[in-house]
Amino acid sequence: MYQDVYVSDVDFETGEVTVGCSSSACEGCHASLFCNSKAQTFQVKNPDGLEIKKGDYVRIFLPPGKTIFSSVLLFALPLALFPVFYLIMPSSNEILRAVVGLCGSALGFLIAYLYFRKKKESLMPIIESKQKNPLEA
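Quick summary incoming for the structure in this document.

Scoring rules and cut-offs
- Residues numbered from 1 in each chain as written.
- Predicted model: local features only at pLDDT ≥ 70, side-chain atom pairs only at ≥ 80, totals over all residues.
- Heavy atoms only, no water.
- Phe/Tyr/Trp six-rings, centres within 6.5 Å; stacked < 30°, edge-to-face > 60°.
- Helix = DSSP H or I, 4+ residues; strand = E, 2+ residues; numbered from the N terminus.
- Pairing = 2+ DSSP bridges.
- Expected span 1.5 Å × (residues − 1).
- Buried < 20%, exposed > 50% of the residue type's maximum accessible area, 1.4 Å probe, protein only.
- Contact = heavy atoms within 4.5 Å.
- Polar contact = N/O pair within 3.5 Å; in protein donor to acceptor, adjacent residues only side chain to side chain.
- Bend = angle between axes of the 7 residues up to and from the residue.
- Core = buried A, V, L, I, M, F, W, Y, C linked by side-chain atoms within 4.5 Å.

## Description of the packing of aromatic side chains
Piece 1. Applying the stated rule across the entire model yields five aromatic pairs.
Piece 2. Judged by centre distance (5.7 Å) and plane angle (75°), the ring pair of Phe69 and Tyr115 falls under edge-to-face. Of this pair, Phe69 sits in helix H1 (residues 64-88) while Tyr115 sits in helix H2 (residues 94-118), and the two are 46 residues apart along the sequence.
Piece 3. Arranged with centres 6.0 Å apart and planes meeting at 20°, the rings of Phe82 and Tyr86 form a pair that is stacked. With Phe82 and Tyr86 both in helix H1 and four residues apart, the pair spans about one turn of that helix.

## What about the pairing of strand S4 (residues 57-61)?
Piece 1. Where strand S1 (residues 2-10) lies against S4, five bridges are found, and the strand directions are antiparallel. When the sheet's bridge partners are listed, Val5 is paired in S4 with Val58.
Piece 2. In this structure, S4 lies alongside strand S5 (residues 126-131), joined through five bridges in antiparallel fashion. Residue Phe61 lies in a different strand from S5, and its bridge partner there is Ile126.

## Points about H2
Piece 1. For H2, spanning 25 residues, the distance from its first C-alpha to its last is 36 Å, which sits close to the expected 36 Å at 1.5 Å a residue.
Piece 2. Three or more residues of H2 are buried, namely Arg97, Gly101, Gly104, Ser105, Gly108 and Ala112.
Piece 3. Of the surrounding secondary structure, the elements contacted by the buried residues of H2 are H1.
Piece 4. Capping of H2 at its N-terminal end is provided by Asn93; its side-chain oxygen lies 3.1 Å from the backbone amide nitrogen of Ile95.

## Regarding H1
Piece 1. Its 25 residues place the ends of H1 35 Å apart at the C-alpha level, agreeing with the 36 Å of an ideal helix rising 1.5 Å per residue.
Piece 2. Taken as a whole, H1 carries its principal kink of about 35° at Ala76; the proline Pro78 stands between one and four residues after it.
Piece 3. All of the buried residues along H1 are Ser70, Leu73, Pro78 and Leu81.
Piece 4. Close packing links the buried residues of H1 with H2 and helix H3 (120-123).

## Concerning the nonpolar core
Piece 1. In this structure, Val5, Val7, Val10, Val17, Val19, Val44, Ile52, Val58, Ile60, Leu62 and Ile127 together form the largest nonpolar core, which totals eleven residues.
Piece 2. Those elements giving two or more residues to this core turn out to be S1, strand S2 (16-20) and S4.
Piece 3. With three residues, the single largest contributor to this core is S1.

Structure (structure tokens):
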């Protein structure tokens, strides 16, 4: 999966690049009032060592398999652990069972957090190419 983004910051020591979408990309969007991705930035790798600077427009590649796996791990694992913990609780008190189920969901989020922290480098999108800025055209 490819996405075109703007470079927000470049760390020349680590080679990591911070990217995000342009605020002009939100113009004309009917959901802009409720959007929380306007200021969203994330880190990408620049394995080819492309000469990029802040404000450049680049195309990044997000491997579909890793993206789908990350989404499943982040959302489905906590969701799946809630009923498991809820059902294994040997109590007839529903409130206590619900609290234990929520603890199971929290455990799922903790597992996802630790996994993403350990595998951060391998899950990062990579910069494919430098693109012509559509705002300059």
